[in-house]
Amino acid sequence: MPDKNAIEVRDVSKLFGTGDAQFAALDNVSVSIRENEFFTLLGPSGCGKTTLLRLIAGFDYPTDGQILLYGQDIAPLPPFKRPVNTVFQSYALFPHMTVGQNIAFGLEMLGKPKAEIEARVAEMLKLVRMEALKDRKTSQISGGQQQRVALARALAPQPKVLLLDEPLSALDYKLRKEMQIELKRLQHETGITFIFVTHDQEEALTMSDRIAVMSAGKILQVGSPWDIYDRPAVRFVADFIGETNFLHADVVSANDGRATVRLSSGKEIPATFPSGSSPQGKVTLVVRPEHARVAAPNGTSAHVGHIENVVYLGTDTHFHVRLDDGTPFIVRQQNSRNGHNGFAKAERVGIEFGQDVAQILKD
Amino acid sequence: MASAQETALSAERQDIRNRWLLSAPALIIILLAAIGPLFIVLIYSFLAAGPYGDVEWKFSTDGWISVFLQRDIFDDTLSFADAHLAIFWRSVKLSIGTTLLTIVFGFPTAYFIATRPERTREMWLFLITIPFWTNLLIRTFAILQIIRNEGIINTLLIKAGFINQPIQILFTDTAIMIGMVYVYLPLMVLPLYASMEKLDFRLVEAGYDLYASRFAVLRRIIFPLVKPGVIAGSILVFIPSLGAYVTPSLLGGGKNMMLGNLIELQFGQGRNWPLGSAISITLMAIVMIALLAYVRNAGSSEVRHG
Ligand SMILES: Nc1ncnc2c1ncn2[C@@H]1O[C@H](COP(=O)(O)OP(=O)(O)O)[C@@H](O)[C@H]1O
Ligand SMILES: [Mg+2]
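Reading the values: rules and limits
Residues numbered from 1 in each chain as written. Chains lettered and ligands numbered in written order. Predicted model: local features only at pLDDT ≥ 70, side-chain atom pairs only at ≥ 80, totals over all residues. Heavy atoms only, no water. Helix = DSSP H or I, 4+ residues; strand = E, 2+ residues; numbered from the N terminus. Buried < 20%, exposed > 50% of the residue type's maximum accessible area, 1.4 Å probe, protein only. Contact = heavy atoms within 4.5 Å. Domains from an automatic or database assignment. Buried area = accessible area lost by both parts, 1.4 Å probe. Salt bridge = Lys/Arg side-chain N within 4 Å of Asp/Glu carboxyl O. Axes fitted to C-alpha atoms, helices over the stretch in contact; angles between N-to-C directions. Left-handed = near helix turned anticlockwise from the far one by under 90°. Nonpolar A, V, L, I, M, F, W, Y, C, P; charged D, E, K, R; others polar. Pairing = 2+ DSSP bridges. Near = heavy atom within 4 Å. Polar contact = N/O pair within 3.5 Å; in protein donor to acceptor, adjacent residues only side chain to side chain. Areas by Shrake-Rupley, 256 points an atom, 1.4 Å probe, with all protein chains shown as cover.

**Some remarks on the environment of B:Ser213**
Right, so step 1: Mapped onto the fold, B:Ser213 is located in the loop between α8 (201–209) and α9 (214–242).
Right, so step 2: We classify B:Ser213 as partly exposed; its relative accessible area is 31%.
Right, so step 3: Spatially, the C-alpha atom of B:Ser213 lies 13 Å from that of B:Leu203, the residues being 10 residues apart in sequence.
Right, so step 4: Once residues lying within four places of it in the same chain are set aside, the contact partners of B:Ser213 are A:Phe80 and B:Tyr208.

Structure follows, in structure tokens:
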């Protein structure tokens with residue numbers, strides 16, 4: 001069965017503090033993570049990502065709910081009995097050991113024979129391209145190299161699931177890009193389920209098979225990068241990921257995942273909506289800036305307004321438009337070689353939507 | 001240009017002079033109060049004993065000879081000073097034992113304090129230092145009350161019916177060790193706490209994450225990382241233990257002497273100041289040798305581990 005679940009989080013809550021100061025770092029969270037997938041927890045700082053990882057790793061226990069690993073409740077297992085390894089945000093390399101000893105540690109604790117440990121350490125060093133630094137102290141290598149050692153150390157015991165807590169956040173931009181590719185390669189080569197935590201939406205979109213967007217202790221939406229970007233279910237998701245336009249509209253009809261909505265301009269357009277919701281009355285629409293065009297106002301325009309600002313960005317141009325109903329709207333248009341798109345500040349323009357670009361939000 | 005350089009140089013010289021000036025009080029105290037008396041003790045150990053204590057100003061090695069050897073009163077033959085050697089041995093043995101026991105008791109204590117929330121740590125440290133408020137003599141008497149034959153421990157054990165006769169603890173090596181562990185425990189806890197407080201507990205989690213049991217985490221991660229604290233604590237406990245005077249004289253009785261008591265004896269009833277001086281120097285030598293061996297050993301094993 002290809003869609004076997006590696007991890008199942010069922011109605012998990014985690015409360016910190018007592019009395020009035022008590023608050024939920026995780027609030028009734030449920031999510032399933034499939035075997036061999038690159039799963040990302042995405043959300044702003046403080047939304048509970050680390051807390052969820054710590055519950056899975058066993059450093060903390062849920063106040064409520066259950067966590068299953070391949071169908072087994074792992075509550076009774078202490079962290080050192082869970083076939084789950086963590087790449088810590090701070091790397092947490094053992095400062096009194098060499099690179100090689102760090103990588104060997106987990107295998108030693110599992111009581112593997114010496115020869116096997118040596119072979120495995122060599123293999124891991126090769127995997128993360130650190131063969132030359134085996135006997136270095138961990139304080140004598142760079143941040144990027146420490147990151148690789150942390151990865152190798154966590155991968156060496158061949159865990160069923162690898163947890164990565166913002167592993168790239170301490171690296172500079174270029175190194176981060178390199179490591180993103182490297183991580184994808186490692187996940188592919190090892191076939192281990194990765195649960196990756198980040199607050200960087202771009203990182204999440206480029207790396208993940210599926211993403212869970214979190215906010216204030218709740219998982220708001222789970223889906224493929226495409227789902228999350230093009231079909232945001234709620235305002236927070238739409239806002240957190242990429243640039244977005246929000247429009248007011250009235251639902252004319254809705255069934256089978258297809259709806260027709262009337263814009264404030266009076267124009268009716270098709271829209272999609274999240275499964276499980278039944279939109280009616282006044283709703284908020286989401287349209288990505290690159291899914292709209294500016295053109296001379298005419299009968300097919302969805303909205304009409306005037307340009308407040310034009311920002312030239314090389315590859316494309318941003319038109320900041322004020323619609324006639326007062327709503328701001330951004331259009332991102334790719335530039336061609338022959339001059340820019342020909343609209344200037346204060347000019348009146350019509351907004352045209354491509355096929356199937358509007359999504360109705362749940363809230 | 002040249003003058004600017006000169007000004008800078010003279011400013012630097014001035015700076016160095018100021019620093020020496022600042023440390024002068026400390027240096028004077030060290031010279032007068034520590035090295036000076038030490039020198040006197042060294043000289044005394046090579047003089048002859050006066051009939052009523054004090055020394056006679058003529059060179060003699062008798063003091064040093066009688067540290068290790070004794071002269072038979074009848075035929076003047078020399079033999080090993082068994083009594084002295086026994087005291088040396090007891091002192092070293094009890095001091096090592098005390099050091100080990102303070103590690104055993106101090107380690108969990110320090111760990112406990114270091115893992116409390118930051119607000120309450122100060123209170124725990126404060127509690128640890130409370131015994132320092134009381135005079136050593138009084139604290140030792142308190143221990144005496146607890147362990148003597150009619151003391152709390154024996155009374156309770158007899159009342160509970162575990163024993164019929166009181167257990168003789170007082171005036172044994174065990175009594176000395178109990179007393180010294182009690183007295184010196186804070187000296188172990190404080191440096192241990194200082195290094196545990198710096199311990200990154202995420203490393204402990206990383207250990208658990210990598211399948212290390214609690215004991216393995218303790219042995220492979222926590223212990224190597226707080227080793228500087230263990231070394232510092234051991235030095236702080238071992239040195240005063242070796243020269244302990246009050247505790248062995250009260251709890252050990254007359255028969256279970258330690259080096260401190262032996263030295264005191266020579267300057268008092270024994271009226272043999274050169275011998276007392278020689279034993280004092282020997283005690284210092286033992287401390288130095290033990291320290292060097294210990295620090296070198298601990299240092300190199302750290303290199304091997306890391
Ligand atoms: N041990 C703890 N005690 C109290 N509050 C905590 C503890 N751990 C985390 N929190 C709180 O829980 C919330 C979520 O934290 P965390 O999971 O670390 O967020 P993230 O990793 O998404 O940035 C934060 O508000 C944080 O302050
Ligand atoms: Mg975090």
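**Examining the domain arrangement of chain B**
Residues and elements named next belong to chain B.
Right, so step 1: Looking at the assigned domains, one finds that chain B contains domain 1 (1–44) and domain 2 (82–305).
Right, so step 2: Computed from C-alpha coordinates alone, the two centres of domain 1 and domain 2 are separated by 36 Å.
Right, so step 3: On the domain 2 side, the residues contacting the 4 residues of domain 1 number 6 residues.
Right, so step 4: Carbon and sulfur atoms supply 83% of the area buried between domain 1 and domain 2, which totals about 440 Å² over both sides.
Right, so step 5: Broken down residue by residue, the surface that domain 1 buries against domain 2 is led by Leu38, Val41 and Tyr44, which jointly contribute 88%.
Right, so step 6: At the surface where domain 1 touches domain 2, the tally comes to 0 salt bridges.

**A few points about the packing of α8(B) against α9(B)**
All names here are of chain B.
Right, so step 1: One way to put it is that α8 packs onto α9 with a least axis distance of 10 Å and a crossing angle of 145°. For the crossing formed where α8 meets α9, the hand is right-handed. Side by side, α8 and α9 meet where Leu203, Val204, Gly207 and Tyr208 of the first sit next to Arg214, Val217, Ile221, Ile222 and Leu225 of the second.
Right, so step 2: Looking at the contact of α8 with α9, its residues break down into 7 nonpolar, 1 polar and 1 charged.

**Let's talk about the sheet that holds strand β5 (residues 72–73) of chain A**
Residues and elements named next belong to chain A.
Right, so step 1: Reading across the sheet, the 4 strands line up as β2-β1-β4-β5 and stay open at both edges, with antiparallel pairing between neighbours. In this open sheet, the two strands that pair with only one neighbour each are β2 (23–34) and β5.
Right, so step 2: Docked against the sheet, helix α1 (residues 49–57) engages β1 (5–16), β2 and β4 (64–69), running at close to 115° with respect to β1.

**Re the site of ligand 1**
Residue and element names in this part refer to chain A.
Right, so step 1: Around ligand 1 lies a shell formed by Phe16, Phe23, Ala25, Pro44, Ser45, Gly46, Cys47, Gly48, Lys49, Thr50 and Thr51.
Right, so step 2: Here an oxygen atom of ligand 1 and a side-chain polar atom of Thr50 are 2.6 Å apart.
Right, so step 3: Here ligand 1, which alone exposes 560 Å², has 59% of that area covered by the protein.
Right, so step 4: Elements represented by at least two residues in the shell around ligand 1 include exactly β2 and α1.

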